Amino acid sequence: MWLFGRKNKKEETSACCCGGNCNAESMTKAEQAEKERASIKILGSGCEKCNQLEAATKVALEQLNMDTSIDHITDFTQIAAYGVMTTPALVIDGKVVSYGKVLKADEVIKILQKVRG
């Protein structure tokens, strides 16, 4: 019964994201894309409201025991790339989840639990 001992060629290939064609460039792109998805960003000019949102987000992350860095994006061309015209805005894993208001820590916790499960 030699048929049971053999694997299909498709099963032998690597289960990596690039279908077994890994090279430095494709791995770097995949790592960068993953980093972009698994991140939290505050979009805003650096005003008091933006800083309040960042502080509330830090508190929420601490309460949830999440070790995620927060990037504060102040460049208006990058902010506009997210489709945001009213700041401050909160971006979680590449998705704009709030804009135009300062969230409290408990509101950020609810959003994080909904988005990240």
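Residues numbered from 1 in each chain as written. Predicted model: local features only at pLDDT ≥ 70, side-chain atom pairs only at ≥ 80, totals over all residues. Heavy atoms only, no water.

## Concerning the overall build of the chain
Thinking step 1. For the chain, the count of helices and strands is five helices and four strands.
Thinking step 2. The linear arrangement of helices and strands in the chain, starting from the amino end, is α-α-β-α-β-α-β-β-α.
Thinking step 3. Classification of the 117 residues of the chain by burial places 25% in the buried group.
Thinking step 4. The contacts in the chain between residues at least 6 apart in sequence include a share of 61% that link residues at least 24 apart.
Thinking step 5. For the chain, the accessible surface area stands at approximately 8,300 Å², while carbon and sulfur atoms represent 51% of it. (Helix = DSSP H or I, 4+ residues; strand = E, 2+ residues; numbered from the N terminus. Buried < 20%, exposed > 50% of the residue type's maximum accessible area, 1.4 Å probe, protein only. Contact = heavy atoms within 4.5 Å. Areas by Shrake-Rupley, 256 points an atom, 1.4 Å probe, with all protein chains shown as cover.)

## Some remarks on the pairing of strand E2 (residues 70-73)
Thinking step 1. Looking at chain direction, strand E1 (residues 40-43) and E2 are connected through four bridges and run parallel. Directly across from Ile 42, in E2, lies its bridge partner His 72.
Thinking step 2. Viewed along the sheet, the connection from E1 through helix H3 (residues 48-63) into E2 turns out right-handed. (Pairing = 2+ DSSP bridges. Right-handed = clockwise from strand over helix to strand, strands pointing away.)

## As for H3
Thinking step 1. When the terminal C-alpha atoms of H3 are compared, their 23 Å separation across 16 residues agrees well with the 22 Å that a helix rising 1.5 Å per residue should span.
Thinking step 2. Looking at the residues trailing H3, positive phi occurs at Asn 65, about 55°. (Expected span 1.5 Å × (residues − 1).)

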